[in-house]
Amino acid sequence: MRTEEEAIHQTLSQTLLAGRLAPGAQLVEMRLAEIFGVSRERIRKVLHRLGHERLLDVIPNRGCFVSSPTLVQAREIYEARRIVEGGITGWLAGRLGPAQLEALREHGRREHEAMHKGDRALSIRLSGEFHLLLAGFTDSPFVVRQLQELVSRTAMLVAFFEPAASSECACEEHDEILQTLAQGDAARAVKAMHVHLSLIETRLNPRTSTPAAGDVEAEIARAWAAELKSRKAPKSRATRTPKAAPATPATPPTPAARPSRAARAS
């Protein structure tokens, strides 16, 4: 079971990744503490974690603000990702074992499921995790740390600038990368990764509208209410199920079985 702190973190990160908070809007500790019903210290811990994940800008003596990425930054970040991840895929081609390939396939299934459900925040998170999963297979903590930094910086770029309909394209591009890795074709794997990252970059466009800054707390409160409601839903279904499904009586022995035992007894 998730802790309260994990639930708060997930609620805030999903709201941010769904692009429902205005860029540059401030998140005030005291007001968030009231919404979530916890201490300011616990809220502060979650906010700093989100800052480490690059979803928030934490400015000393000023506070925490929704990240405000720009398309200029996007060009620099995606160029760096092409350099790093081209090397990762080229190195992994032909080196992945059956368990690692199955882990990637299972992750792909989760991505497709999130896309079909229209869960924008989950799609963005899973997309980033696909790339981190590949980095983890290099068994190099340094490579993982470098890619974590880059993926974190691109999460909000995608949330703000990539159309929601592009999730399907990203899933198909990940499938192509996986296929080239499974075939052990290093050259095609590198090309597939470069094409994928370049296509994401080309799909980033200025938004026609952005959320109003004054809606921050109301949006977070709605997200938290939905989280609390989802916690209660499984319990209510569980209590209804036994009433709806009558108990199945034990199957009685067949009439033929009883006389045969009696016959044997005589």
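See the structure above.
Residues numbered from 1 in each chain as written. Predicted model: local features only at pLDDT ≥ 70, side-chain atom pairs only at ≥ 80, totals over all residues. Heavy atoms only, no water.

K.L.:
Tell me about unusual backbone geometry, residues and numbers included.
P.N.:
Unusually for a residue other than glycine, Asn 61 sits at a positive phi of about 65 degrees. Considering the arrangement of structural elements, one finds Asn 61 in the loop between β2 (56-59) and β3 (63-66). One non-glycine residue with positive phi stands out, namely Asp 139, at about 60 degrees. Position of Asp 139 relative to the elements: it lies in the loop between α6 (120-136) and α7 (141-161). (Helix = DSSP H or I, 4+ residues; strand = E, 2+ residues; numbered from the N terminus.)

K.L.:
With reference to specific residues and values, describe the pattern of salt bridges.
P.N.:
With the rule as written, the count across this model stands at 21 salt bridges. Among the ionic pairs, Arg 20 bridges to Glu 219, the shortest N-O distance being 3.2 Å. Taken together, the residues Arg 20 in the loop between α1 (4-17) and β1 (26-27) and Glu 219 in helix α10 (residues 216-244) connect sequence positions 199 residues apart. A residue is classified by how much of its surface remains accessible, and Glu 219, at 15% relative accessible area, is buried. Here Glu 149 and Arg 153 are joined by a salt bridge, their closest N and O atoms 2.7 Å apart. Separated by 4 residues within a single helix, Glu 149 and Arg 153 lie in helix α7, roughly one turn from each other. (Salt bridge = Lys/Arg side-chain N within 4 Å of Asp/Glu carboxyl O. Buried < 20%, exposed > 50% of the residue type's maximum accessible area, 1.4 Å probe, protein only.)

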